[in-house]
Structure formats: C-alpha cells, structure tokens
Amino acid sequence: MDIVIISGISGAGKSRVAAALEDLDFYCVDNMPLSMMPKFAELCLATQGRYERVALVTDIRALENIDELFKTFDEMREMGCTITMIYVEAEPETIIRRYKETRRRHPLDSSGSNLAEAVKREVEMLAPVREQADEIIDTTGLTLSKLQRMLNKLFMEEDDQKAFSVSVKSFGFKHGLPVEADILFDVRFMPNPFYIDDLKKRTGLEDIVKDYVFGFEQSNQFLEKLYDMLDFLIPHFIEEGRRYFVICIGCTGGRHRSPAMAEALSEYLEEQGFPVDCIHRDIEKE
C-alpha cells in the first residue's frame with residue numbers, strides 16, 4: 001500500500017495537495033493524529049486492495065514530537081507500506097497574506113497578535129521534517145493547474161491514464177446546444193440524408209445511413225482530422241489532470257449525420273483504449 005504524508009507550513013496549501021491527489025484516486029484523510037496512523041494503515045491493509053493509495057495530511061498540531069513522526073513512519077514501513085512525504089511550503093510573506101485574507105488564526109498564534117513570529121517559529125520547528133521530505137512543493141505563485149501537473153508527474157500511473165473516460169454525444173442544433181460540451185463540432189456541411197426519401201425516417205445508427213454519410217469524401221476527411229486532433233488533445237488533457245472529456249457533434253436535427261459521426265468516433269476512441277459512452281440526445285426527436 002502506498003501512503004503519501006502531506007505535511008508542511010500552515011496555510012501553504014496542504015488541503016489543495018490532498019484535493020489534487022483525490023483526483024488521482026487517493027483516499028485522503030485530513031489531520032490524522034500520529035497515534036492513529038499505524039492502526040489506520042492496518043485497517044486499510046486488511047481490505048486487501050480496496051485502499052491501495054492513501055494520503056494523510058498532518059500539521060504542526062500533530063507534530064509536537066518530530067521524532068515520534070519518523071518512528072510512526074518506520075512502524076508503517078514494517079507493515080509493508082511505502083511511505084512518501086510531501087512537504088508543502090510558501091514564502092512567509094505569502095503565508096501571512098493568506099491568513100490575513102481568510103482572517104483565520106495560525107495554530108501557533110492563539111492570540112492573533114503576532115502572526116509573523118508564529119510563521120517563523122513554525123518554519124523552524126518543521127525544519128527536520130523538511131529535511132526528510134521526499135518532495136518539497138513551494139506554492140508561492142503556484143496555480144492550481146500547475147500544482148495538478150506537478151502531482152500528476154509524481155503519482156500518475158498507467159492505470160490512471162486508462163481511467164480517462166470520454167463521452168461522445170450527438171445532438172441537433174435546432175433542439176439547442178448541449179451545455180456540458182468540452183468541445184463541439186458542427187457536421188452540417190455534410191450532405192443530409194433527410195432529403196433522401198429512403199433515408200428520411202431512418203437514423204444514423206443504421207448501416208444504410210452510415211454508408212450514405214461516409215460515401216462522401218469530405219465526411220471521411222473530417223473524421224480523419226478529428227482523429228488527429230483528439231490524438232493530440234487527449235494526452236494533454238490527461239497531463240492536466242482531467243478525468244473525463246465530453247465531445248459533442250451536431251447536425252440540424254440530431255438524427256442522421258451527427259449520430260453516424262459520433263458512432264464512428266466512439267469506435268475509434270475505444271480502439272485507443274479509452275472507456276467511451278456514446279449518447280444520441282435528439283435521435284428520436286422530429
């Protein structure tokens with residue numbers, strides 16, 4: 001079992017790191033007492049794989065005895081756990097500004113009268129923890145997306161990339177735009193089966209309609225360009241920490257051209273190893 005310990009300066013962003021790890025399917029627990037960590041690890045191990053990746057957040061309130069922290073780590077390693085410690089910090093001026101903006105009290109400044117001294121004292125107290133950290137993250141000026149990318153590089157596994165899912169939806173423009181779209185394509189430039197008597201009452205899920213739609217060179221060229229675009233985009237979305245992507249393809253009524261194109265695209269993405277959900281929003285509408 002992999003356990004990530006998130007420690008560091010109060011106000012530096014430990015909770016944000018935990019939230020980002022949750023997106024990577026870590027089970028996160030905030031402010032767990034040291035004395036409970038080995039028992040918690042034991043319970044997770046007893047689930048036989050249900051909790052393989054765990055992140056525990058601990059702060060200065062739980063670190064009165066630094067030596068006890070490292071002893072706790074050793075105890076969990078003896079149980080078969082892999083321990084990785086992330087130390088989160090920021091420039092003192094940034095920490096002070098964040099506390100002033102939120103009007104929260106620093107855990108070492110109970111009176112609220114000497115924030116700068118409390119921050120300085122915490123940095124000194126946690127120096128041994130920083131020295132033992134496997135990764136140090138400075139959140140001064142660090143955006144949420146950059147933090148996500150940093151953690152993805154550290155902890156994203158091959159299975160995480162496979163967990164990226166795609167939803168392909170066909171729709172008709174005359175029934176309104178889908179608000180959930182991450183990217184939207186208009187296929188109304190393709191010849192419309194609606195004006196063919198034998199095809200008018202059929203749908204883009206039927207071979208006879210698909211054969212008509214893809215019987216035109218522009219339809220096949222568009223599909224190939226769509227493949228190329230998504231081959232480029234999807235790895236970058238995964239790197240950014242996205243877990244799903246909604247592709248919407250529209251024609252006039254959502255009955256012929258867009259369902260045929262959505263089906264073809266879904267088949268391609270499934271061949272690339274992505275879980276795909278293909279939905280035809282307006283295929284039964286007049």
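See the structure above.
Every chain begins its residue count from 1, and numbering advances along the sequence as written. Residue-level local features of this predicted model are given only where pLDDT is at least 70; pairs of side-chain atoms are given and counted only at 80 or more, and the full residue set underlies all totals for whole chains, interfaces and linings. Only hydrogens and water are set aside when side-chain values are computed; all heavy atoms of the structure are taken into account.

J.: How should I be thinking about the nonpolar core in this particular structure?
T.: The tendency in soluble globular proteins is for nonpolar side chains to be buried as a group. Only buried Ala, Val, Leu, Ile, Met, Phe, Trp, Tyr and Cys residues count toward a nonpolar core, and they belong to the same one when joined by side-chain atoms within 4.5 Å. Burial classification: accessible surface area is computed with a 1.4 Å probe over protein chains only, and a residue below 20% of its type maximum counts as buried, one above 50% as exposed, and the rest as partly exposed. Within the largest apolar cluster, 51 residues are counted, with the highest numbers of intra-cluster contacts made by I3, I6, L21, L56 and L151. What counts as a helix is a DSSP run of H or I of at least four residues, what counts as a strand is a run of E of at least two, and both are numbered from the N terminus. For this core, the element with the highest residue contribution is strand 4 (residues 82-89), accounting for five residues. When checking whether two residues touch, look at their non-hydrogen atoms; a contact exists if any pair is within 4.5 Å. With sequence-adjacent residues up to four places away left out, I6 is seen in contact with K14, V17, A18, L21, A55, L56, V57, T58, I86 and V88. Counting 31 residues, the second largest nonpolar core, distinct from the first, contains I183, V213, I238 and V276.

J.: It is not clear to me how the packing of helix 2 (residues 37-46) against helix 3 (residues 66-78) should be interpreted in this structure. Could you clarify?
T.: The packing of two helices is summarised by the inter-axis angle and the distance between the axes. Taken N-terminus to C-terminus, the directions of helix 2 and helix 3 make an angle of 20°; their axes are 9 Å apart at the nearest point. The pairing of helix 2 with helix 3 is recorded here as roughly parallel in orientation. Judged by the twist between their axes, the crossing of helix 2 over helix 3 is right-handed. Contacts between helix 2 and helix 3 involve M37, P38 and A41 from the former and T72, E75 and M76 from the latter. Here the contact of helix 2 with helix 3 is composed, by residue class, of four nonpolar, one polar and one charged. Axes, fitted as lines to C-alpha atoms, cover a helix only where it is in contact. Angles between the N-to-C directions of the axes lie from 0 to 180 degrees. Orientation labels follow simple angle bins: below 35 degrees gives roughly parallel, above 145 gives roughly antiparallel, 65 to 115 gives roughly perpendicular, and whatever is left gives oblique. Should the near helix be turned anticlockwise from the far one by less than a right angle, the crossing is termed left-handed; should it be turned clockwise, right-handed. Think of it as three bins: nonpolar holds Ala, Val, Leu, Ile, Met, Phe, Trp, Tyr, Cys and Pro, charged holds Asp, Glu, Lys and Arg, and polar takes everything else, Gly as well.

J.: Got a minute to help me understand the sheet that holds strand 4 in this structure?
T.: Pairing between the strands of a sheet comes from backbone hydrogen bonds, and it takes one of two forms, parallel or antiparallel. The strand order across the open sheet built from five strands is 2-3-1-4-5, with neighbouring strands paired in parallel fashion. At either margin of the open sheet sits one strand with a lone partner, and together these are strand 2 (27-30) and strand 5 (135-138). For this sheet the average axis-to-axis angle between neighbouring strands, irrespective of direction, equals 20°. Along the sheet, helix 2 makes contact with strand 1 (2-8), strand 2 and strand 3 (53-57), crossing strand 3 at roughly 160°. Against the sheet, helix 7 (residues 144-155) engages strand 1, strand 3, strand 4 and strand 5, with an angle of about 170° to strand 5. A pair of strands is labelled paired if DSSP reports no fewer than 2 bridges between them.

J.: Hey, could you run me through the pattern of salt bridges in this one?
T.: One side chain can pair with another of opposite charge once the charged atoms of both are near each other. Salt bridge criterion: a side-chain nitrogen from Lys or Arg within 4 Å of a carboxyl oxygen from Asp or Glu. Evaluation of the coordinates by the stated rule reveals nine salt bridges. Here R77 makes a salt bridge to D74, at a shortest N to O gap of 3.2 Å. Highlighted residues: R77 and D74, both in helix 3, separated by three residues, approximately one helical turn. Looking at D74, the relative accessible area reads 40%, which means it is partly exposed. Here R97 ties to E101 by a salt bridge, and the two come within 3.3 Å at their closest N and O atoms. Residue R97 and its partner E101 are located together in helix 4 (residues 92-102), separated by four residues, close to a single helical turn. Salt bridges here are not isolated pairs; linked through shared partners, they connect R281, D282 and K285.

J.: Explanation requested: the pairing of strand 6 (residues 165-172) in the structure shown.
T.: Every regular strand shows the same layout, with side chains that alternate between the two sheet faces. The buried count for strand 6 comes to seven of eight residues, which makes it a mostly enclosed element. The pairing of strand 6 with strand 8 (residues 244-251) spans eight bridges and is classified as parallel. Bridging across to strand 8, V166 finds its partner in F245. Sheet analysis places strand 6 next to strand 9 (residues 276-280), joined by five bridges and oriented parallel. Within strand 9, the position partnered with V168 by the bridge is C278.

J.: I keep staring at the environment of M79 and nothing clicks. Help me out?
T.: Among the secondary structure elements, M79 is positioned in the loop between helix 3 and strand 4. For M79, a relative accessible area of 28% corresponds to the partly exposed category. C-alpha of M79 to C-alpha of A41: the two residues are 38 residues apart in sequence and 8.2 Å apart in space. Leave out the neighbours within four places in its chain, and M79 touches P38, A41, E42 and L45.

J.: Explanation requested: unusual backbone geometry in the structure shown.
T.: Apart from glycine, the bulk of residues carry a negative phi angle, and the bulk of peptide bonds sit in the trans form. With a phi close to 70°, D25 is a non-glycine residue in the positive phi region. As for its position among the elements, D25 is in the loop between helix 1 (14-22) and strand 2. In this structure, N31 takes a positive phi of about 55° despite not being glycine. On the basis of relative accessibility, which here comes to 37%, the residue N31 falls in the partly exposed class.

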